[in-house]
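Coordinate analysis (summary)
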Amino acid sequence: MTVTDTSRGTGAAATSTTHHRHAFALLGSVQITLIFTLAAIAVPLPEIGRAFGLERADLILLSAAYGLTFAGLLLFGARLSDRYGGRRALTAGLIVFAAASAAAPFSPGIGTLLMARFAQGAGAALIAPAAMAVLRAVFPTPTAYGRAMATWGGLSVLGATAGNLVSGVIAELLSWRWSFAVPLAVAAAALALAPRLLPDTAPSRGRTLDLPGALLATAGITLASYGLVVTDALPWSSAGVLVPLLIGAALLVAFWYAERRAGDPLLPPRFLLNRRRALALAAIALSACATAMTFVTLSLHLQQDRDWSPLATSAAFVPFAIALLASGRAAGPLIARFGPRVVTAAGLATAAAGLVLLALTGLDPHAPYASALLPGLVLLPAGAAASFAGAAVLTTHGVPPERTGLAGGVLNTAMELGPTVVFAIVLTFGSDAVSLAATGAVLALAAALNLRVQRTRPSRPSSLPQGAMQ
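Residues numbered from 1 in each chain as written. Predicted model: local features only at pLDDT ≥ 70, side-chain atom pairs only at ≥ 80, totals over all residues. Heavy atoms only, no water.

**Considerations on the overall build of the protein chain**
- Looking only at helices and strands, the protein chain features 18 helices and zero strands.
- For the protein chain, the C-alpha radius of gyration of 21 Å lies close to 23 Å, the compact-globule estimate for 470 residues.
- For the protein chain, the spread of C-alpha atoms along the three principal axes comes to 75 × 50 × 50 Å.
- With 470 residues in all, the protein chain has 54% of them scored as buried.
- Considering only residue pairs separated by 6 or more positions, the protein chain has 85% of its internal contacts joining residues 24 or more positions apart.
- In the structure as shown, the protein chain presents an accessible area of about 18,700 Å², 67% of it carried by carbon and sulfur atoms.
- Positive and negative side-chain charges of the protein chain, numbering 30 and 17 respectively, have mean locations separated by a distance of 16 Å. (Helix = DSSP H or I, 4+ residues; strand = E, 2+ residues; numbered from the N terminus. Rg over C-alpha atoms; globule rule 2.2 N^0.38 Å. Buried < 20%, exposed > 50% of the residue type's maximum accessible area, 1.4 Å probe, protein only. Contact = heavy atoms within 4.5 Å. Areas by Shrake-Rupley, 256 points an atom, 1.4 Å probe, with all protein chains shown as cover. Lys, Arg positive; Asp, Glu negative; His and termini not counted. Charge placed at Lys NZ, Arg CZ, Asp CG, Glu CD.)

In structure tokens:
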């Protein structure tokens with residue numbers, strides 16, 4: 001009788017573990033797809049411009065449209081997730097995201113395509129924090145959730161890499177319109193599988209939506225981000241930059257003061273004043289900026305200076321993807337052994353070394369790929385993946401379950417705003433080489449601060465969820 005009971009217990013545990021793997025795989029695929037969609041039109045952007053007869057300013061707006069609504073609505077999406085329950089919010093976001101992805105490839109002009117990209121971003125802003133809330137329900141214990149976050153942190157940079165790789169292949173072999181088939185297929189599959197694989201999450205009925213805070217945050221982030229984005233086409237002194245930038249900044253200041261007085265604030269100021277969490281969010285923003293800058297700079301360099309095709313440009317980033325995957329798999333055991341603080345700092349330092357190498361040798365059009373580009377294209381993703389993994393654990397450590405959506409919203413906001421804000425600033429330094437080197441220096445400084453300032457470490461997750469990356 002004892003043997004039978006043990007066998008049943010073992011079988012139940014194995015079934016539970018398998019179910020958790022499948023749930024993680026579904027949520028992870030959705031998270032990867034959100035960032036994939038952000039990068040999906042980066043490589044074929046010149047082809048889209050030729051198809052619609054677009055000027056540079058139009059291309060910049062089209063490139064930024066998804067990220068503007070994604071970043072602008074994330075905090076409100078986080079509140080909706082906590083208020084109504086993660087799985088319900090996830091389902092609603094997936095429906096919006098899928099509908100926009102289905103409409104985008106049939107766009108007859110820039111206006112329709114812009115609206116589709118804005119709608120995709122709105123859906124993503126609801127999906128991202130909701131997915132983290134559901135993930136907390138899948139792994140309810142702090143140790144299991146910490147292991148899951150160690151893997152989760154590297155998924156976004158994996159999505160960005162996949163977007164750049166796959167979009168180039170699709171643009172070369174088919175058409176840029178087919179790039180939207182991937183997010184549509186993943187969203188449709190997630191909608192079909194979510195009721196069976198994902199647990200329902202309890203809503204926080206007693207919480208308000210804080211609509212004034214949501215309006216101030218959304219408008220402030222969107223306007224300020226737009227003002228920074230258009231600095232690539234307009235001078236900083238122009239009205240097109242200064243007006244949205246100043247209005248956006250004023251709205252964000254108003255948001256901060258409003259949240260300090262709100263009874264149930266959208267973003268409690270104390271949440272960001274936590275020193276450990278603030279440094280982790282800075283690490284996420286900087287790592288996201290480093291990878292985004294590298295993709296944009298090298299994609300243009302390879303196609304314009306070296307006259308490479310989109311397919312060859314995508315192939316150049318294959319070592320980037322391999323290093324990223326290898327570092328992502330190693331991050332969990334490293335966090336278990338050394339702690340997330342050390343792994344975050346080491347990742348930032350490694351990524352900084354990769355950026356400096358690219359700045360020194362990677363932009364010479366006559367330099368060999370293997371010796372000039374490849375070392376940086378390996379070091380940067382290896383460091384970024386480790387930094388994302390460690391910082392994700394630090395950001396979410398100690399967050400109560402009812403605030404998981406908020407943690408997801410803040411984490412993804414840092415990931416979205418990092419490339420926008422930092423990229424716009426470093427572009428003023430001059431050449432691409434100087435911008436890459438300057439970003440590398442900032443990452444090195446952030447690595448030193450993470451080691452120096454973060455004295456208290458959260459509990460170390462013992463290992464990743466078994467099979468989480470499979």
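**Overview of the layout of surface pockets**
- Taken as a whole, the second largest pocket holds about 590 Å³ of empty space.
- Lining the second largest pocket are 21 residues; nearest its centre among them are Ile 221, Leu 272, Thr 413, Ala 414 and Leu 417.
- Mapped onto the lining of the second largest pocket, the elements with two or more residues apiece are α9 (211-229), α10 (239-261), α12 (275-305) and α17 (404-426).
- Ranked by the residues each element gives to the lining of the second largest pocket, the list is headed by α17, at seven residues.
- Here the lining of the second largest pocket is composed, by residue class, of 18 nonpolar, three polar and no charged.
- The two domains that each donate at least three residues to the lining of the second largest pocket are domain 2 (211-265) and domain 3 (266-455). (1 Å grid on protein atoms, 1.4 Å probe; cavity = no way out; pocket = protein on both sides within 12 Å on 5 of 7 lines; lining within 4 Å. Points joined across faces, edges and corners; volume = space filled by probe spheres on them. Nonpolar A, V, L, I, M, F, W, Y, C, P; charged D, E, K, R; others polar. Domains from an automatic or database assignment.)

**Notes on a nonpolar patch on the surface**
- There is a patch of nonpolar side chains on the surface, built from Val 169, Leu 173, Leu 174, Trp 178 and Leu 311 and spanning about 500 Å² of accessible area.
- In this fold, Leu 174 is placed in the loop between α7 (155-173) and α8 (181-197).
- Overall, Leu 174 belongs to the exposed group, its relative accessible area being 56%. (Patch = residues over 30% accessible without salt bridge, like charges linked within 9 Å, V, L, I, M, F, W, Y side chains within 5 Å. Salt bridge = Lys/Arg side-chain N within 4 Å of Asp/Glu carboxyl O.)

**Some points on the domain arrangement of the protein chain**
- On domain assignment, one finds that the protein chain holds domain 1 (18-198), domain 2 (211-265) and domain 3 (266-455).
- When each unit is reduced to the centre of its C-alpha atoms, the spacing between domain 1 and domain 2 is 24 Å.
- On the domain 2 side, the residues contacting the 11 residues of domain 1 number 14 residues.
- Of the roughly 1,100 Å² buried between domain 1 and domain 2 on both sides combined, carbon and sulfur atoms contribute 71%.
- Sorting the residues of domain 1 by area buried against domain 2 places Ile 60, Leu 68 and Arg 79 first, and these three jointly supply 41% of that buried surface.
- Seen at the junction of domain 1 and domain 2, the total is one salt bridge.
- In this structure, Asp 264 and Arg 79 form a salt bridge, with 3.8 Å as the shortest nitrogen-oxygen distance.
- Linking domain 1 to domain 2 there are three residue pairs in polar contact (both at pLDDT 80 or more). (Buried area = accessible area lost by both parts, 1.4 Å probe. Polar contact = N/O pair within 3.5 Å; in protein donor to acceptor, adjacent residues only side chain to side chain.)

**So, the environment of Pro 401**
- Assignment of secondary structure puts Pro 401 in the loop between α16 (369-396) and α17.
- Sequence-wise, Pro 401 and Ser 107 are 294 residues apart; in three dimensions their C-alpha atoms are separated by 41 Å.

**Side note on the nonpolar core**
- Core analysis: the biggest nonpolar cluster contains 100 residues, and Leu 27, Phe 70, Leu 135, Met 149 and Trp 152 have the highest contact counts within it.
- Looking at this core, the element that brings in the most residues is α12, giving 13 residues.
- By size, the runner-up hydrophobic cluster in this structure holds 14 residues, among which are Leu 59, Ala 104, Leu 113 and Ala 116. (Core = buried A, V, L, I, M, F, W, Y, C linked by side-chain atoms within 4.5 Å.)

**Quick look at the side chain of Asp 210**
- Assignment of secondary structure puts Asp 210 in the loop between α8 and α9.
- Buried Asp 210, no salt bridge; nearest opposite-charge side chain is Arg 79, N-O distance 5.3 Å.
- At 2.8 Å, the side chain of Asp 210 forms a polar contact with the backbone nitrogen of Leu 266.
- With near-sequence residues (within four places) excluded, Asp 210 lies in contact with Arg 79, Glu 259, Asp 264, Pro 265 and Leu 266.

**Thoughts on the confidence of the model for the protein chain**
- Averaged over all residues, the pLDDT of the protein chain is 82; the fraction at 70 or higher stands at 90%.
- Of all secondary-structure elements in the protein chain, the lowest mean pLDDT belongs to helix α1 (residues 2-39), at 72, while helix α4 (residues 86-103) reaches the highest, 94.
- Segment residues 1-9: pLDDT under 50, and zero contacts once partners within four positions in sequence are set aside and those in other chains are kept.
- The low-confidence segment residues 456-470 (pLDDT under 50) makes 44 contacts with residues lying over four places distant or belonging to another chain. (pLDDT = per-residue confidence, 0-100.)

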